[in-house]
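Working through the structure, step by step
As a plain string of letters, each chain reads:
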Amino acid sequence: MSESKINYTCKIVLVGDSYVGKSQLLNTLTNNDFNANIKCTIGVDFKVKFANIGNKSLKAVLWDTAGQERFRTLTSSYFREAHAIWIIYDVTSMESVDNLRNWIKEVNEFANSYPTVYLIGNKYDVNYETDNLVVDKANKIAKDNNYRHIIASSKEFEQVNNIFMSICKELLDDGKVKLVEGKEKTALFTESKIKALESKANENERQIEKFKTQAESDKKRIEELERTIQTLNTSGC
């Protein structure tokens, strides 16, 4: 897609423990290819994915972060200005769910832009059962934090892509995405015009109230003069 046709951009950050499948999810999403031998991310990596929703075009930059403890400081710095954060866990690993609260704590501490947060349970194709205790616990954590909770598999492109498109639509609907340069200036100009009109309308309202107050005062003065005249006529002056 041509960059000139992009209306919006957004930043999505993927976090979670090592080996939960963040890189596999991202590879499937951006390359439509599942790679079981993909290597763990060292530090950070990123991919770009485009989405057309209605008459709007969106460029999403997805940041794949390392789950190892030694990279935690680097990872947390990428929370800043994120529009959405995907906290990934492994539906076959209770440990990865137990660590969700640590990731949530970091998001709350370092994200400064009120991102939309999703819990995504990966690897549901591996020995997944409907009464999975791991998923039940993750579901409770999602409800406690008012997060969307989604179960996925890196092996299924259509499913992963649907998750991505759903998230992009939600970001667009909520107005959380960023206008691209140039179009942002146009929007700001339009916004400034609206504010100017609102200011003018408020000024007009103040003037009307002022006129009303003056008219009320004049009315009282007229009534007072009429009473005075009536008194003078009654007394025969």
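Higher on the page you've got the structure.
Residues numbered from 1 in each chain as written. Predicted model: local features only at pLDDT ≥ 70, side-chain atom pairs only at ≥ 80, totals over all residues. Heavy atoms only, no water.

A word on the pattern of salt bridges
Summed over all chains, the structure comprises 5 salt bridges. For aspartate 98, the salt bridge goes to lysine 137, with nearest N and O atoms at 2.4 Å. Here lysine 137 lies in helix H5 (residues 133-144) and aspartate 98 lies in helix H3 (residues 94-98), a separation of 39 residues in the sequence. The exposure class of aspartate 98 is partly exposed, given its relative accessible area of 37%. Among the ionic pairs, lysine 169 bridges to aspartate 173, the shortest N-O distance being 2.8 Å. Residue lysine 169 and its partner aspartate 173 are located together in helix H6 (residues 157-174), separated by 4 residues, close to a single helical turn. For aspartate 173, a relative accessible area of 54% corresponds to the exposed category. (Salt bridge = Lys/Arg side-chain N within 4 Å of Asp/Glu carboxyl O. Helix = DSSP H or I, 4+ residues; strand = E, 2+ residues; numbered from the N terminus. Buried < 20%, exposed > 50% of the residue type's maximum accessible area, 1.4 Å probe, protein only.)

With respect to the nonpolar core
Among the nonpolar cores identified, the biggest contains 28 residues, and Ile12, Leu62, Trp86, Ile120 and Phe164 are the most heavily contacted of them. Contributing elements (two or more residues each) for this core: strand E1 (8-16), helix H1 (22-31), strand E2 (44-53), strand E3 (56-65), strand E4 (84-90), strand E5 (116-122) and H6. When residues of this core are assigned to their parent elements, the largest contribution, 7 residues, is made by H6. Those residues within four positions of tryptophan 86 in sequence are excluded, and the remaining contacts are Ile12, Val13, Leu14, Val15, Leu29, Leu62, Tyr118, Ile120, Phe164 and Ile167. Listed in part, the 22 residues of the second largest apolar core include Phe79, Val91, Val97 and Val107. (Core = buried A, V, L, I, M, F, W, Y, C linked by side-chain atoms within 4.5 Å. Contact = heavy atoms within 4.5 Å.)

Some thoughts on H6
End to end, H6 covers 26 Å across 18 residues, agreeing with the expected 26 Å (1.5 Å per residue, within 8%). Of all the positions in H6, only Val160, Asn161, Ile163, Phe164, Ile167, Cys168, Leu171 and Leu172 are classed as buried. Viewed end-on, H6 has its buried residues packed into an arc of 170°, placing them on one side of the element. For H6, the exposed residues set more than 90 degrees away from the buried face come down to Glu158 and Asp173. Trailing H6 by a residue or two, glycine 175 shows a phi angle of about 70°, which is positive. (Expected span 1.5 Å × (residues − 1). Arc of directions from axis to C-beta.)

Considerations on the packing of helix H4 (residues 100-110) against H5
Relative orientation of the contacting elements H4 and H5 amounts to 20°, with a least axis distance of 11 Å. With respect to H5, the element H4 is oriented roughly parallel. Along this stretch, H4 crosses H5, giving a crossing that reads as right-handed. Contacts between H4 and H5 involve Leu100, Arg101 and Ile104 from the former and Ala138, Ile141 and Asp144 from the latter. Of the residues assigned to the contact of H4 with H5, the class counts are 4 nonpolar, no polar and 2 charged. (Axes fitted to C-alpha atoms, helices over the stretch in contact; angles between N-to-C directions. Parallel < 35°, antiparallel > 145°, perpendicular 65-115°, else oblique. Left-handed = near helix turned anticlockwise from the far one by under 90°. Nonpolar A, V, L, I, M, F, W, Y, C, P; charged D, E, K, R; others polar.)

Examining the packing of H1 against H6
When two helices pack together, their arrangement is given by the angle between their axes and by how far apart the axes lie. Across the interface, H1 lies against H6 with an axial gap of 9 Å and an inter-helix angle of 90°. One finds that H1 runs roughly perpendicular with respect to H6. Residues Leu25, Thr28 and Leu29 of H1 form the contact with H6, whose participating residues are Phe157, Val160, Asn161 and Phe164. Within the contact of H1 with H6, the residues separate by chemical class into 5 nonpolar, 2 polar and no charged.

Remarks on the pairing of E4
Of all 7 residues in E4, 7 are buried, a share of seventy percent or more. Burial along E4 is two-sided: Ala84, Trp86, Ile88 and Asp90 facing one way and Ile85, Ile87 and Tyr89 facing the other are all buried. As defined by bridge partners, E1 adjoins E4 across 5 bridges and the pair is classed as parallel. Following the sheet pairing, isoleucine 12 is matched in E4 by alanine 84. (Pairing = 2+ DSSP bridges.)

Side note on unusual backbone geometry
Positioned with a positive phi, asparagine 146 is a non-glycine residue whose angle comes to about 60°. Structurally, asparagine 146 is set in the loop between H5 and strand E6 (148-151). Judged by its relative accessible area of 72%, asparagine 146 falls in the exposed class.

Everything listed here is a matter of geometry and, on its own, says nothing about what the molecule does.
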